[in-house]
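# A closer look at the structure
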Amino acid sequence: MWPAFAAGQTVLRNHKPCSAPEERTCSNEQALLTIPKPRHLEQLESYLRKELQTLDLTKGISQELKLQPYREIFEFFIDNFKTYKPLLSAIKNEYEATLAHQKEMIRALEPLKAMVTTVSEECTQQILALQEKEKVEINTLKQEKHHLLKFIDNMKEEKCSLQTQVEHLQMSVAEEYTRYLQEYGARKLLLAKLNDMHNEQLNVKQHQAQEKAVKGEDVVKLTLALKMARQDLTKAQVKLNAMTAEYGDVVPRRRFESLEKKYSDLLQEMKTLRKDFDQLHEEYGTLLEIHRETAEERDSFFTRLQEAERSHTPRPNWAKCSEVIPGGAERWDCLAKGKSSHQLVDVLLEEIGTGVLKEMNVFRGWGKGNKVPVHLRYEGEVKNKKPTKKDVVNILKDIWKEKTALDQQTGKRSSLPEFFLSYLQKKYGDASAVEWSYTLSEYMRLCPSNHVMSSFYEILTGKVAEEQYHSQNQLISDLQKELAACDSYSSGSLPSEQFRMALREAFPLKRRDAIQELVDASMFSLDSDDDFIDYISLFKEDEEGNPEPFVAKLRSQYVSEKQEYLQELKNSLGDVTEVDADDLKAAFCRIDPEISDQTLDAYIGLAYQVRREQPDQEVVPVDTILERLCVGDVRRVGPSPRKESTTDFEGE
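Parameters and conventions
Residues numbered from 1 in each chain as written. Predicted model: local features only at pLDDT ≥ 70, side-chain atom pairs only at ≥ 80, totals over all residues. Heavy atoms only, no water. Core = buried A, V, L, I, M, F, W, Y, C linked by side-chain atoms within 4.5 Å. Buried < 20%, exposed > 50% of the residue type's maximum accessible area, 1.4 Å probe, protein only. Helix = DSSP H or I, 4+ residues; strand = E, 2+ residues; numbered from the N terminus. Contact = heavy atoms within 4.5 Å. Salt bridge = Lys/Arg side-chain N within 4 Å of Asp/Glu carboxyl O. Arc of directions from axis to C-beta. Axes fitted to C-alpha atoms, helices over the stretch in contact; angles between N-to-C directions. Parallel < 35°, antiparallel > 145°, perpendicular 65-115°, else oblique. Left-handed = near helix turned anticlockwise from the far one by under 90°. Nonpolar A, V, L, I, M, F, W, Y, C, P; charged D, E, K, R; others polar. Expected span 1.5 Å × (residues − 1). Bend = angle between axes of the 7 residues up to and from the residue. pLDDT = per-residue confidence, 0-100.

The protein is annotated in an unreviewed UniProt entry as Translin associated factor X interacting protein 1 of Gallus gallus.

Written out as C-alpha cells, the structure is:
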C-alpha cells in the first residue's frame, strides 16, 4: 500500500540523531499522514478497480481474465518510466515467457492426468480380481487340508481298532492254547488211568490163571516174580512221568499250524496297514510342506504386489503416439506390430532421436586420439547428411555385400571399421567420407530396434563378433532351404503340422516350447483361418530392413539360447573365481559332450585371446571369460546331458 513507500523517505528526511526512538516513531507517523498519494498511482488504482469490477470471474479462465488488467497497469507503468523501461520490459517478457511455458506444460500434462486416473482404476480392479482369485484358491486349499485331516483321523481310528482286534485275537489264542493244554494233560491222565486199570485187570486174570495153573508152585518163586513186576511197574511209571513232563506244553500239530497261519495273516495285514499309515503320514507331511511353501509364496507375491502398487508406472496409452509420429496411425500400427512395451519405448525413442537428428546440421568431432575409432577420427565440426532410414539401411546392406565379396576373394576376414571407412572414401570421397561416417554412426546408435542398424553398430563398436552375424544369416538360409525341400509342389506354403516338423528337422536342439513360439510367430500375420503357412513371406523385410515377427523371434531365441549355454557353463565351473584352459575344456565337455575338438579349441582361443598353437596355461577370471565368450559366436553343438536324462526317464 501507499504509505509503505513514503515511509522510507520521511524517516530519512526527519531523522534526528539525538532524539529518542519513541519520538522518532511519532514524528514518522505524523509525516506519513501529511504526505499525499501520487496522482498517477491513484489513476492506476482506480483503473484497476474498474477493470476488475467489469470482469466475469465465474468462468473457467477467471485467473487469466484477472491477470489482464494487471498486465495493462504494468505496461502503463513501463511506458511512464522511460529510464527503467528496458529493464522492466525484460522482466515482463521473461514472466510472459515463463507463463506461456507453464501453460504448455499444464496443457500437455492434462491428458496424462486422465490417463493416470484410468490406469489407476484398472490396476485397482486387477488387484481386487487377483485378491478374489487368491481367496478362492486359499479356501480350496483349506478345504482340502480339512479333508486330509479328517482322512488321517479316520485312519488313526481304524489303526486303533485293528490293534484292539489283534490284541483280542492274541488273548483268544492264549486262552485256546491254555484250554487245549489242559485238555491234553487230562487226556493223558485218563489214558494213564485206563492203562493202569487194564493192566490191573490183566494182572488179576493172569494171577488167577497162574494160581489155577500152579497152585502147587513154590512161594519163593511167586514172591520173586511179584518183586520183578513191581520193579517193572516203577520203571514204567517213571518213564510215563518223564514223558508227561517233557510233552506237557505240546499242542497238536494241526492246531499249531492253523494258529500259526492265522497269526501270519494278521501280522501281514498289520504290516500293510502300518505301511499305508506311514505313506499317509509322509503324504500329510508333504502336503503340509507344500502348504507352507504356498503360503510363503503367496505372502511374497502379496508383498511384491504391494511394492508394485506403490512404485508402479501407469501403463501408457500407446495409441496416442500415432498423433505425434510422422505418418499417423497407419505408420504407428506398422511400427508397433508385435512389440512389447519395452520395445515400443525403444521405437518411440528412435522416432524422437531421429527427429532431433534431422534438425541437427553439424556434429562435433571426437578428435584423433588412439582411443577414438578409426572411422570417427576427426577434429572440428562435421556436417549432417540427413539421410532417411531407408537410405541408411541400403548403404549398410551394400557395405555387407561388398565386404563379403572381398573376404571371399582374399580368403580372410577384414576389419569392419577399416572397411567401413574405406568404403565411404571410395564411394563419397575423402571429404564426405567422415560426414557419412558420423551420420551413419548416429543413426545406428539411435535405432537399436532396427536389426540391420543395431547388428552393424554392435559389430562396428566391438560389442559382438562378426561371426555371430554371419552365423544367424546362415541359420536363416538353412531354414529356408529346409522349408523349400519340404514344399514338394513349390507352392510357397506348408500345412502347420508339416511346418512344425520342418522346424524340428532344422533345429533338433530346440525345445518344444521354442518350436511352438516359432509356429505362433509364423501365424501372427495370417488373415484367414486356413491351416497353411506362407513360409516365403516369413522372411520378407520392409523398406527400412525390419523383419517379420518369425525372423525376429528366431534371432531372439538365438541370443537367449546362447545366454542359457553360457549360464550352464558358469554353473558347471562352480564357485571358482579363476579358471585355466584345462578346467574350462572339462566344463565345456560336461555340458556339451558332443562338442568337437576343433570347436573346443576355437572357444578356448576366444576365451583366452590366444591362437591355437600358443600355450594356454594362463589363469583368467571367470567373469572375463564369460564376457569374451558372449562377444563371439558360441552355441551348443549337441543335446544337453540333462535333457537326455530327462528324455530317458520319460521313455522308461
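Back to the text.
## Side note on the nonpolar core
Note that soluble globular proteins tend to have their nonpolar side chains buried in a common cluster. In this structure, Leu396, Ile399, Leu440, Met444 and Phe456 are the most contacted members of the largest nonpolar core, which totals 32 residues. Of all the secondary structure elements, the ones that give two or more residues to this core are α10 (389-410), α11 (416-446) and α12 (451-460). It is α11 that provides the largest number of residues to this core, a total of 13 residues. Leave out the neighbours within four places in its chain, and Leu396 touches Met444, Val452, Met453 and Phe456. Grouped together as the second largest cluster of nonpolar side chains are 22 residues, Leu573, Leu584, Ile591 and Val634 included.

## Brief notes about the pattern of salt bridges
If you walk through the whole model with that rule in mind, you get 22 salt bridges. When the shortest N-O distance is used, the salt bridge between Arg511 and Asp513 registers 3.6 Å. A residue is classified by how much of its surface remains accessible, and Arg511, at 43% relative accessible area, is partly exposed. One salt-bridge network, held together by shared partners, links Glu176, Arg179, Glu183 and Arg255.

## Observations concerning helix α15 (residues 512-522)
Looking at α15, one finds that the buried residues are Ala514, Ile515, Leu518, Val519, Ala521 and Ser522. Axial view of α15: buried residues confined to an arc of 165°, hence all on one face. Of the surrounding secondary structure, the elements contacted by the buried residues of α15 are α14 (496-506), β4 (532-533) and α16 (549-573).

## Regarding the packing of helix α13 (residues 466-486) against α14
Look at α13 against α14: their axes get within 10 Å of each other, and the N-to-C directions meet at 135°. Judged by the inter-axis angle, α13 sits oblique to α14. Classified by chirality, the crossing of α14 by α13 is right-handed. On α14, the residues touching Leu479, Glu482, Leu483 and Cys486 of α13 are Gln498, Phe499, Ala502, Leu503, Glu505 and Ala506. When its residues are assigned to classes, the contact of α13 with α14 shows seven nonpolar, one polar and two charged.

## Re α11
The end-to-end C-alpha distance of α11, which contains 31 residues, comes to just 20 Å, noticeably less than the 45 Å that a straight helix rising 1.5 Å per residue would cover. At Tyr428, α11 shows its largest bend, some 125°.

## A short note on the confidence of the model for the protein
When the pLDDT values of the protein are averaged, the result is 81; 86% of them are 70 or greater. Overall, residues 1-23 carries pLDDT values under 50, and its contacts beyond four positions in sequence, including any with other chains, amount to 20 contacts. Below a pLDDT of 50 lies the segment residues 644-652, which in the model reaches two contacts outside its immediate sequence neighbourhood of four places, other chains included.

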